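The chain contents come next:
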Amino acid sequence: MGNPRYANGHRRREVQAYWRARKADCYICGRPIDYTRRTPDPWSYVVDETVAIAHGGRVCKANSGPAHRWCNAVKGTHTLAWARAEVRRRLAGHRPSAVVAADWESDDW
């Protein structure tokens, strides 16, 4: 099976068109999105899945929202609440949150 994000390109395009037509603000940072900007501009429009595809989320309107490319990259596969707090921290000039160390050491290999 290929990449699940593209398994149903038609559904993804419908969801993108749905949010683009509403000209909604970024649902992560709350700031306006300039829908005329194009990739790879970090402030261009993307659709983010609230529950990441990697965690079993689906491509649908109920599980998505409009976001800036940069905000979406910060969120990654984290929760929406975590992403909102982290984006707020970074926009306020703070360093990114520390990554939680794994429960194993390289010596364990």
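Look up: the structure comes first, before these words.
Residues numbered from 1 in each chain as written. Predicted model: local features only at pLDDT ≥ 70, side-chain atom pairs only at ≥ 80, totals over all residues. Heavy atoms only, no water.

Some words on the overall build of the protein
- Helices and strands together make up the secondary structure of the protein, namely 3 helices and 2 strands.
- Each helix and strand of the protein, ordered N terminal to C terminal, gives the series α-β-β-α-α.
- Pairs at least 24 apart in sequence give 52% of the contacts found in the protein among residues at least 6 apart.
- A total of about 7,500 Å² of accessible surface is found on the protein, and carbon and sulfur atoms cover 52% of it. (Helix = DSSP H or I, 4+ residues; strand = E, 2+ residues; numbered from the N terminus. Contact = heavy atoms within 4.5 Å. Areas by Shrake-Rupley, 256 points an atom, 1.4 Å probe, with all protein chains shown as cover.)

Topic: the pairing of strand β2 (residues 64-68)
- Along β2, 5 of the 5 residues are buried, which leaves the element largely enclosed by surrounding structure.
- Burial along β2 is two-sided: the face carrying Ser 64, Pro 66 and His 68 and the face carrying Gly 65 and Ala 67 are both buried. (Buried < 20%, exposed > 50% of the residue type's maximum accessible area, 1.4 Å probe, protein only.)

Thoughts on the pairing of strand β1 (residues 45-49)
- Burial runs high along β1: 5 of the 5 residues are buried.
- Of the two faces of β1, the one lined by Tyr 45, Val 47 and Glu 49 and the one lined by Val 46 and Asp 48 are each fully buried.

So, the pattern of salt bridges
- With the rule as written, the count across this model stands at 6 salt bridges.
- Residue Asp 48 is joined to Lys 75 by a salt bridge in which the shortest nitrogen-to-oxygen separation is 3.3 Å. Within this pair, whereas Asp 48 is found in strand β1, its partner Lys 75 is found in helix α2 (residues 69-75), the two being separated by 27 residues in sequence. The burial state of Asp 48 is the same as that of Lys 75; both residues are buried. (Salt bridge = Lys/Arg side-chain N within 4 Å of Asp/Glu carboxyl O.)

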